[in-house]
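# Observations on the three-dimensional arrangement
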Amino acid sequence: MKILVIDDDEDLLKLIENALSKEYTVETRLGANRVNPDELKHYDLVILDVMMPEMSGFDFLKQYRELIDAPIILLTAKDFEKDKLEGFALGADDYVTKPFSIKEIRARVAAHLRREQRQKHHRLIDYPMSCDLIAKQFFYEETEVSLTSSEYELCELLLKNKGQVFSKEQLYTSVYGLEAVGDSQTTITERVKQIRAKFDLVGINPIKTVWGVGYKWQIEKD
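Quick caveat, the model's predicted, so the values are computed rather than measured. (Residues numbered from 1 in each chain as written. Predicted model: local features only at pLDDT ≥ 70, side-chain atom pairs only at ≥ 80, totals over all residues. Heavy atoms only, no water.)

Along its length, the protein carries seven helices and eleven strands. Across its three principal directions, the C-alpha atoms of the protein cover 65 × 30 × 30 Å. Taking all contacts inside the protein whose residues are at least 6 apart in sequence as the whole, residues at least 24 apart take part in 53%. As presented, the protein carries roughly 11700 Å² of accessible surface, and 48% of it is formed by carbon and sulfur atoms. Seen as two clouds, the 31 positive and the 39 negative side-chain charges of the protein have centres 3 Å apart. (Helix = DSSP H or I, 4+ residues; strand = E, 2+ residues; numbered from the N terminus. Contact = heavy atoms within 4.5 Å. Areas by Shrake-Rupley, 256 points an atom, 1.4 Å probe, with all protein chains shown as cover. Lys, Arg positive; Asp, Glu negative; His and termini not counted. Charge placed at Lys NZ, Arg CZ, Asp CG, Glu CD.)

In this structure's numbering, the residues bearing the UniProt feature "modified residue: 4-aspartylphosphate" (unreviewed entry) are Asp49. Position of Asp49 relative to the elements: it lies in strand β3 (residues 45-49). Leave out the neighbours within four places in its chain, and Asp49 touches Ile6, Asp7, Asp8, Gly57, Leu75, Thr76 and Lys98. (UniProt positions renumbered as here; feature names shortened; annotations may be inferred.)

Here the focus is the domain arrangement of the protein. Partitioning the protein into structural domains gives domain 1 (2-120) and domain 2 (127-217). Of note, the centres of domain 1 and domain 2, computed from C-alpha atoms alone, are 34 Å apart. Between domain 1 and domain 2, the residue contacts involve nine residues of the former and six residues of the latter. Surface buried jointly by domain 1 and domain 2 totals about 650 Å² across both partners, of which 53% is contributed by carbon and sulfur atoms. (Domains from an automatic or database assignment. Buried area = accessible area lost by both parts, 1.4 Å probe.)

The topology assignment puts Thr148 in the loop between β9 (143-145) and α5 (149-160). Residues Thr148 and Gln137 lie eleven residues apart in sequence; the distance between their C-alpha atoms is 9.7 Å.

Turning next to helix α2 (residues 57-64). Among all positions in α2, only Gly57, Phe58, Phe60, Leu61 and Tyr64 are buried. Viewed along the axis of α2, the buried residues span an arc of 160°, placing them on a single side of the element. (Buried < 20%, exposed > 50% of the residue type's maximum accessible area, 1.4 Å probe, protein only. Arc of directions from axis to C-beta.)

So, about the sheet that holds strand β8 (residues 137-140). Strand order in the open sheet formed by four strands is β6-β7-β8-β9, and the pairing between neighbours is antiparallel. In the strand order of this sheet, the two ends are held by β6 (123-126) and β9, each with one partner. For this sheet the average axis-to-axis angle between neighbouring strands, irrespective of direction, equals 25°. The strands that α5 touches are β6, β7 (129-132) and β8; relative to β8, the one it contacts most, it runs at about 65°. (Pairing = 2+ DSSP bridges. Axes fitted to C-alpha atoms, helices over the stretch in contact; angles between N-to-C directions.)

Turning our attention to helix α1 (residues 10-20). Structural remark: α-helix, 3.6 residues per turn; residues separated by three or four positions point the same way. Of the positions making up α1, those classed as buried are Leu12, Leu13, Ile16, Ala19 and Leu20. Along the axis of α1, the buried positions cluster into a sector of 130°, meaning they face one direction only. Of the residues in α1, the exposed ones pointing more than 90 degrees away from the buried face are Glu10 and Asp11. Measuring from the backbone nitrogen of Asp11 back to the side-chain oxygen at the start of α1 gives 3.0 Å, which picks out Asp9 as the cap. (Polar contact = N/O pair within 3.5 Å; in protein donor to acceptor, adjacent residues only side chain to side chain.)

Each aromatic ring pair is summarised here by two numbers: the centre-to-centre distance and the angle between the ring planes. Taken as a whole, this structure holds six aromatic pairs when the rule is applied. Feature note: the residues Phe138, Tyr152, Phe199 and Trp217 constitute an aromatic cluster, connected by ring pairs. (Phe/Tyr/Trp six-rings, centres within 6.5 Å; stacked < 30°, edge-to-face > 60°.)

Tallied over the full model, the rule gives twelve salt bridges. A salt bridge links Arg29 to Glu27, with the nearest nitrogen and oxygen atoms 3.2 Å apart. Between Asp126 and Lys162 there is a salt bridge; the shortest N-O distance is 3.5 Å. Note that Asp126 is positioned in strand β6 and Lys162 in the loop between α5 and α6 (168-176), a separation of 36 residues in sequence. Assessed through its relative accessible area of 7%, Asp126 is described here as buried. Here the salt bridges do not stand alone but share partners, grouping Lys2, Glu27, Arg29 and Glu39 into one network. (Salt bridge = Lys/Arg side-chain N within 4 Å of Asp/Glu carboxyl O.)

With that settled, the discussion passes to the side chain of Asp132. Note that Asp132 resides in strand β7. We classify Asp132 as buried; its relative accessible area is 16%. Looking at Asp132, its side chain comes within polar contact range of the main-chain nitrogen of Ala135, at 2.9 Å. When near neighbours in sequence (up to four residues on either side) are disregarded, Asp132 contacts His122, Arg123, Gln137, Phe139 and Tyr152.

Okay, here's the thing in structure tokens:
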């Protein structure tokens, strides 16, 4: 199991890492602004400090919660009810108030990881896009991209196999079935055109044309 700990206190990061490293793989980041969003999908649990100068824990949650398919435990020096409510509203799963004991943080981590194994979520992530396989929804960061059923099926197939090129015939068969009767070339061309128009509304185009072959999922990274 892999845990990410984010805090601006180097000594506290080391303390938590030492406390958990015998049972888990622990990675630390000195500040939320040092986290690579593309890596967030790889963690089984995140421990996040609230009070950080460059990017607070609340700001981090607002920006990246939809990309994290794992429980999040917030750390704070405050014990105010409004802070807890804000954290839970933004998607935190638990709250630990500083100072805390090593036994407490170990117990909270173990409890959430056990629960997560029983109730595993299903999300595909290619930042800044993500796909909820249960709800059958696509998101750009926190914004849902409204797709029809066939548009969703096409995008899910491409995302699951990102980088792989599919012909229009392959996409048509996968979305509509082997017994479907219709013009695969025209249908898929029109469907991709409609999908791109919806992705354009949030400023992204993850479906690339491979001329003479078909389409693939590819997000240009800066």
